[in-house]
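# Fold and geometry: a report
For reference, the chains in residue letters:
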Amino acid sequence: MSIVFKNAKGWLVDQCSHIDDRFESGDENASKRRSFSWCFNRRYFDTLKPYIKPISADGLRAEGEDDPLPSTGCQKRKRKHTLLNQGEIDAQEYHDKVRSVILEGIQPFLEMGRTCGYLTEAATEGPPPCAHEDRLAGLCDMAKALPLVDDDENAPVQVIGDDLGSLDHPDLFTRVTENPSGHAREVRLMGELYLLPPRCRFLLSDISKMQPLLQCGRKFDAIVLDPPWENKSVKRSKRYGSLPSSQLRRIPISELSAPGCLVATWVTNRQRHRRCVREELYPLWGVEPEAEWLWVKVTRSGEYVFPLDSPHKKPYEVLVLGRRVGEAGGTLSSSSQGSEPVLPNLKLLVSVPSTLHSHKPSLADVLGEFLRPDAECLELFARGLQPGWTSWGNEVLKFQHHSYFEREPPVSGPPSAAS
């Protein structure tokens, strides 16, 4: 379980341990049984120092600390002091509100993290390996020409059976792929080895090919979105393609969601993205905003990864949560709301972030407190898979590639309870 500690203010979560829990697996044989497990390389979570150290009152960094930013050989021209524009004013007002929530709530999480050993300055041996070069988004773009499955002979869901070690790659783009087993599987897809957690489903496609999700016949009780928001840093880095809000409006949330569906959307610290979710997308999808949670990112020593009051990057991200309570595009009415638990506002999720870009912590255990035990859950714009969840995105297998994992040696004896 990813939850290390929880109280009335929120949760301390260990993202790496949650990933490891997914991959306890079994290699079942009628005559002989072996068990094994894959562990996500913990070196990807060796965030030992803040990315930028706080500046003291005299304008100097803490003693012995160098500027971690590489020198470019030239100095940027200082920005002239000007009046804040409306967006900057809104951002500062929001920060002033959540700043006090973070300062008042974070200390017990840091203390418990140090007590239990989750927060420690001890580094894992060796640097993390280079991230796998992902080709999935490009393949999805090429697959747009593939016909969608629309007949009874080729069902919209393909199941990975015990005798299936690989799949033809066109099916990955036009049908939902499922591992129905109670244990993890190693599967070779498109010439690469991927690890699939138990009871997972996924569709590898872009936003133009979401129909197989609608055809698979499931309505979801929880939907988590991590949209590729447009911003300047993404354009400069070219890490992944972004989507404008006009494209996000096309996501068929109303067709995918069950009544009372919990919808949670990650947003950047740009207030226009937060307003887009609350004032445009949620009303369009028939979702009423109920709460906002803060993912607070700390180092292994318990420091913020960025100064809390940094004028540029903040050490937190925002999650906007709501419930589906009305028809898409119509008037929201609380009369359609069921007996779902009320979502508390301004909760904290505290964790050491992954050094891999846009590798969000799983919300499965946290949201489970507000869902029925057999809830159907869906992650959109996913970059990894979760047990019991359906996942969609053009990089949906990204963090399932075997190169991100270390394999523990086989252990003789009966399979573990997790398998």
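Higher on the page you've got the structure.
A short tour of the structure in this document, coming up.

Quick notes on the rules
Residues numbered from 1 in each chain as written. Predicted model: local features only at pLDDT ≥ 70, side-chain atom pairs only at ≥ 80, totals over all residues. Heavy atoms only, no water. Helix = DSSP H or I, 4+ residues; strand = E, 2+ residues; numbered from the N terminus. Buried < 20%, exposed > 50% of the residue type's maximum accessible area, 1.4 Å probe, protein only. Contact = heavy atoms within 4.5 Å. Areas by Shrake-Rupley, 256 points an atom, 1.4 Å probe, with all protein chains shown as cover. Arc of directions from axis to C-beta. Expected span 1.5 Å × (residues − 1). Polar contact = N/O pair within 3.5 Å; in protein donor to acceptor, adjacent residues only side chain to side chain. Salt bridge = Lys/Arg side-chain N within 4 Å of Asp/Glu carboxyl O. Pairing = 2+ DSSP bridges. Core = buried A, V, L, I, M, F, W, Y, C linked by side-chain atoms within 4.5 Å.

## Section: the overall build of the protein chain
Secondary structure assignment for the protein chain yields eleven helices and 19 strands. In the protein chain, which comprises 419 residues, the proportion classed as buried is 48%. Within the protein chain, counting contacts between residues at least 6 apart in sequence, those at least 24 apart form 73% of the total. Total accessible area on the protein chain is roughly 20900 Å²; 50% of this is exposed by carbon and sulfur atoms.

## Structural notes on helix α3 (residues 107–116)
What α3 keeps buried is the set Phe109, Leu110 and Gly113. Angular distribution of buried residues about the axis of α3 spans 100°; they occupy a single face of the element. Structurally, α3 contributes buried residues whose contacts are with β1 (3–7), β2 (10–13), α2 (86–105) and β15 (348–351). Positioned one or two residues after α3, Gly117 has a phi angle of 90°, which is positive.

## Observations regarding α2
Its 20 residues place the ends of α2 29 Å apart at the C-alpha level, agreeing with the 28 Å of an ideal helix rising 1.5 Å per residue. Along α2, the residues classified as buried are Tyr94, His95, Val98, Ile102 and Gly105. Residues of α2 that are buried make contact with α3, α10 (271–285), β13 (287–297), β14 (316–324) and β15. Here α2 starts with a cap whose side-chain oxygen sits 2.8 Å from the backbone nitrogen of Glu88, and that cap is Asn85.

## Examining the pattern of salt bridges
In the structure shown here, the tally under the stated rule is 19 salt bridges. A salt bridge links Asp171 to Arg175; its shortest N-O distance comes to 3.2 Å. Ionic pairing is found between Arg201 and Glu178, a salt bridge with its closest N-O pair at 3.3 Å. Taken together, the positions of Arg201 in strand β10 (residues 200–204) and Glu178 in strand β7 (residues 176–179) put the pair 23 residues apart, joining distant regions of the chain. Just as Arg201 is buried, Glu178 falls in that class too.

## Observations concerning the pairing of strand β16 (residues 377–380)
The two faces of the sheet receive side chains in turn, since in a regular strand these alternate between them. In β16, alternate side chains face the same way, and those of Cys377 and Glu379 on one face and Leu378 and Leu380 on the other are all buried. Relative to β16, strand β11 (residues 220–225) runs parallel, the two being bridged by four bridges. Note on β16: the bridge partner recorded for Leu225 is Leu380. Bridging between β16 and strand β17 (residues 389–393) involves four bridges; their strand directions are parallel. Counterpart to Glu379 in the pairing with β17 is Ser391.

## Notes on the side chain of Ser358
With respect to the secondary-structure elements, Ser358 resides in the loop between β15 and α11 (364–367). Ser358 gets classed as buried once you look at its relative accessible area, which sits at 18%. Setting aside chain neighbours within four positions, we find Ser358 in contact with Asp226, Arg383 and Phe399.

## Looking at the nonpolar core
Counting 49 residues, the largest nonpolar core has Ile251, Val296 and Leu380 as its most contacted members. Counting residues per element, this core draws most heavily on α10, at five residues. Excluding residues that lie within four positions of it along the chain, Ile251 makes contacts with Ile207, Met210, Leu225, Trp285, Leu380 and Phe381.

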